[in-house]
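As a plain string of letters, each chain reads:
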Amino acid sequence: MTSTQAEIDRSHLGTLSVLAWIGDPSDGHDIPYLLAYTLGDGPEGPEAGETAARGLLEEIGLPIGDVVMDGTRSPRTFAVQIVLMAGNQVTLTLPGLNATCTAPDEWVAAANESGQAYFLFATRAWPEAVPGRPVTAEVLQAFAGDEEVLTSSAHCVLAVQTLQV
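Bear in mind the structure is a predicted one, so any value in this text is a computation, not a measurement.

The rules behind each value
- Residues numbered from 1 in each chain as written.
- Predicted model: local features only at pLDDT ≥ 70, side-chain atom pairs only at ≥ 80, totals over all residues.
- Heavy atoms only, no water.
- Helix = DSSP H or I, 4+ residues; strand = E, 2+ residues; numbered from the N terminus.
- Rg over C-alpha atoms; globule rule 2.2 N^0.38 Å.
- Buried < 20%, exposed > 50% of the residue type's maximum accessible area, 1.4 Å probe, protein only.
- Contact = heavy atoms within 4.5 Å.
- Areas by Shrake-Rupley, 256 points an atom, 1.4 Å probe, with all protein chains shown as cover.
- Lys, Arg positive; Asp, Glu negative; His and termini not counted.
- Charge placed at Lys NZ, Arg CZ, Asp CG, Glu CD.
- Phe/Tyr/Trp six-rings, centres within 6.5 Å; stacked < 30°, edge-to-face > 60°.
- Arc of directions from axis to C-beta.
- Disulfide = S-S within 2.5 Å.

Q: Tell me about the overall build of the protein, residues and numbers included.
A: A tally of helices and strands in the protein yields four helices and eight strands. On C-alpha atoms alone, the protein measures out to a radius of gyration of 15 Å, which is about the 15 Å that the 2.2 N^0.38 rule sets for 165 residues. Oriented by its inertia axes, the alpha-carbon framework of the protein measures out at about 45 × 35 × 30 Å. Expressed as a percentage of its 165 residues, the buried residues of the protein come to 45%. Relative to all contacts within the protein whose residues are 6 or more apart in sequence, the contacts with residues 24 or more apart total 68%. Split by element, the accessible area of the protein, about 8,600 Å² in all, is 52% carbon and sulfur. Each charge class in the protein was averaged separately, 6 positive and 21 negative side chains, and the resulting centres sit 7 Å apart.

Q: Account for the packing of aromatic side chains, naming residues and giving values.
A: Scanning the entire structure with this criterion turns up five aromatic pairs. Between the aromatic rings of Trp 21 and Tyr 33, the centroid separation amounts to 5.0 Å while the plane-to-plane angle is 10 degrees, which identifies the pairing as stacked. Within this pair, whereas Trp 21 is found in strand β1 (residues 16-22), its partner Tyr 33 is found in strand β2 (residues 32-38), the two being separated by 12 residues in sequence. For the pair Trp 21 and Tyr 33, one class covers both residues: buried. Considering the side-chain rings of Phe 119 and Phe 121, the 6.5 Å spacing of their centres and the 80 degrees angle between planes classify their relative orientation as edge-to-face. Comparing Phe 119 with Phe 121, the two get one shared label, buried. Members of the aromatic cluster, connected to one another through ring pairs, are Trp 21, Tyr 33 and Tyr 118.

Q: Kindly report on helix α2 (residues 105-114), identifying the contributing residues and their values.
A: For α2, every residue scored as buried is listed here: Trp 107, Val 108, Ala 110 and Ala 111. Seen from one end, α2 has its buried residues packed into an arc of 165 degrees, which puts them on one side. Exposed side chains of α2 directed beyond 90 degrees from the buried face belong to Asp 105 and Glu 113. As for α2, its buried residues are in contact with β1, β2, β4 (81-84), β5 (89-94), β7 (116-122) and β8 (153-162). At the exit of α2 stands Gly 115, carrying a positive phi of roughly 80 degrees.

Q: Which residues make up the state of the cysteines, and what values go with them?
A: Applying the stated criterion across every chain yields a total of zero disulfides. No disulfide involves Cys 101; its sulfur sits 15 Å from the nearest other cysteine sulfur, which is in Cys 156. A relative accessible area of 9% places Cys 101 in the buried class. On the accessibility criterion, Cys 156 (1% relative accessible area) is buried.

Take a look at the structure:
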């Protein structure tokens, strides 16, 4: 059974956050990553947030699991967009939602060089990664590298657009 837009209550997502990071360039791993996740603080709790996240991803056509969508072919019409703004601000836009984070300089450089980023939308809540509080590499690896998180996330490669001023 599929969900319809009317059945998805975005308020159940709670706080939507994004985190930008890059692999280790010395290992030849300079891909810019952008991870969207919820804190699990929606009015109905983390389980309802996961259900809402799954419904949102289904609604916008992003499969969950090991399929990597290519959003670089038509970036202006793809349901998910990444825009790099002044001051290393990265804005993620989805239908009816957006979130912003500050990306590290190396993320911005890699995104500018390649013109794209690897995007993950985790359906599992990550309450430990509160916006404004630093996330260590170990904590990030424990969440973003967890097999259950990866297999319950949507994955796509997106063009990184730059705001023209």
